[in-house]
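# Descriptive analysis of the structure
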Amino acid sequence: AMLLLNGLLLMVPLLSFSHFSDVDRAFISIVLMATATASVATTSGYRAIFLWFAAPMLVSLSLAWILLTPAGQEQWVERGMGGLIAAYLGFLYGLGRDAFRVFDESCRIRFAERTLNDRLTIAVQDARQASQAKTRFLAAASHDLRQPLHTIGVLLAAVGLRKLDARSR
């Protein structure tokens, strides 16, 4: 709604369009067309918002060139300008459609990338937990296997330190 109001306010100078000189009318046209062109980028080509802003300006500008020509002048230049401005609005509409398509595609790629990154983070955490569990298991198994061997070694050393009688040998 604010962009529509902004677009309507920007066309206020067109109410006195027939009283301006050719240079002034050209300047107003350049400013309004540049503003409409910039709105393709600022709206990311979202068609409804772009049209709410640009259409009031450029349709009114086109009609002002066609209908508000000062009396006594040839009409073909003004009508040609009006037609070119209307065609330019169509061009901007197509450009906006393409800009929106690129914007939409980049958003979809970004969200898919975020989902993949989340899944990758979970997989890395699972792998770390599995690695820690494996390390704990191997440490426990190693301890459980070494303990009886160590006990046997201690007993053999103790037996080796003592003189054994025939029966003990």
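For the structure given in this document, a descriptive report is provided here. These numbers were taken from a predicted model, which means no experiment stands behind them.

### Things to note about the overall build of the chain
A tally of helices and strands in the chain yields four helices and zero strands. Across the chain, helices and strands are ordered from the amino to the carboxyl terminus as α-α-α-α. Computed over C-alpha atoms, the radius of gyration of the chain comes to 41 Å, more than 25% over the 15 Å expected from 2.2 N^0.38 for 169 residues, which places it beyond the range of a compact globule. Seen through its C-alpha atoms, the chain measures out along the principal axes to roughly 145 × 25 × 20 Å. The proportion of buried residues among the 169 residues of the chain is 19%. By sequence separation, contacts in the chain at least 24 residues apart represent 68% of the contacts at least 6 residues apart. For the chain, the exposed area adds up to about 12300 Å²; of that, 67% sits on carbon and sulfur atoms. A gap of 24 Å separates the mean positions of the 17 positive and 12 negative side-chain charges of the chain.

### Focus: the pattern of salt bridges
This structure, assessed with the given rule, holds five salt bridges. Shared partners join several salt bridges into a network, and the residues in it are D22, R25 and E78.

Basis of the calculations
- The written sequence of each chain sets the order in which its residues are numbered from 1.
- Thresholds applied to this predicted model are a pLDDT of at least 70 for local features of residues and 80 or more for the giving and counting of side-chain atom pairs; totals over whole chains, interfaces and linings are not thresholded and use all residues.
- To obtain the side-chain values, all non-hydrogen atoms of the structure were included, while hydrogens and water were left out.
- Starting at the N terminus, helices and strands are each numbered in turn, a helix being any DSSP run of H or I of at least four residues and a strand any DSSP run of E of at least two.
- For this measure, only C-alpha atoms enter the radius of gyration; the expected value for a globule follows 2.2 Å times N^0.38, where N is the number of residues.
- Buried, partly exposed and exposed residues are distinguished by accessible area as a fraction of the type maximum, computed with a 1.4 Å probe on protein chains only: under 20%, between the cut-offs, and over 50%, respectively.
- Contacts are residue-level and defined by heavy atoms, with any inter-residue pair within 4.5 Å sufficient.
- In this description, accessible areas are obtained by the Shrake-Rupley approach with a 1.4 Å probe, and a residue is regarded as covered only by the protein chains that are shown.
- Under this rule, positive means Lys or Arg and negative means Asp or Glu; His and the chain ends count for nothing.
- Charge placement uses NZ in Lys and CZ in Arg. For Asp and Glu, CG and CD serve respectively.
- Between Lys or Arg on one side and Asp or Glu on the other, a salt bridge is scored when a side-chain nitrogen of the former is within 4 Å of a carboxyl oxygen of the latter.

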